[in-house]
Amino acid sequence: MFILGIILIIAGLGCAGFGFIQNNSLEAQINSLLSSGTANPGTMFIIIGAVLIVVGVVCCIASKKKQ
């Protein structure tokens with residue numbers, strides 16, 4: 001369970017980082033604005049990344065409490 005928590009934390013950091021890059025990229029914002037009408041294409045990735053980080057931390061804490 002501890003390994004799963006670490007994997008979720010790393011995946012969450014990667015997902016949130018990708019979302020920040022998408023929100024700061026002018027090309028991605030213009031492309032998203034013209035195709036779907038949203039100005040912040042990376043917001044969903046940031047939210048998913050934050051959720052993954054929280055779940056990963058909870059898994060790590062729960063596995064350490066069991067020992």
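Everything below is about the structure shown above.
A brief look at the structure comes next.

Summarising the element assignment, Gly56 is placed in helix H3 (residues 43–66). Taking the relative accessible area as the measure of exposure, Gly56 reaches 0% and is therefore buried. Along the backbone, Gly56 and Leu4 are 52 residues apart, and their C-alpha atoms lie at a distance of 7.2 Å. If sequence neighbours within four positions are ignored, Gly56 has contacts with Gly5, Leu8 and Ile9.

Residues Phe2, Ile3, Ile6, Ile7 and Ile10 make up a contiguous nonpolar surface patch of about 480 Å² in total accessible area. Inspection of the secondary structure assignment puts Ile10 in helix H1 (residues 2–24). Judged by relative accessible area, which is 57%, Ile10 ranks as exposed.

Here is what the cut-offs are and how they apply
Residues numbered from 1 in each chain as written. Predicted model: local features only at pLDDT ≥ 70, side-chain atom pairs only at ≥ 80, totals over all residues. Heavy atoms only, no water. Helix = DSSP H or I, 4+ residues; strand = E, 2+ residues; numbered from the N terminus. Buried < 20%, exposed > 50% of the residue type's maximum accessible area, 1.4 Å probe, protein only. Contact = heavy atoms within 4.5 Å. Patch = residues over 30% accessible without salt bridge, like charges linked within 9 Å, V, L, I, M, F, W, Y side chains within 5 Å. Areas by Shrake-Rupley, 256 points an atom, 1.4 Å probe, with all protein chains shown as cover. Salt bridge = Lys/Arg side-chain N within 4 Å of Asp/Glu carboxyl O.

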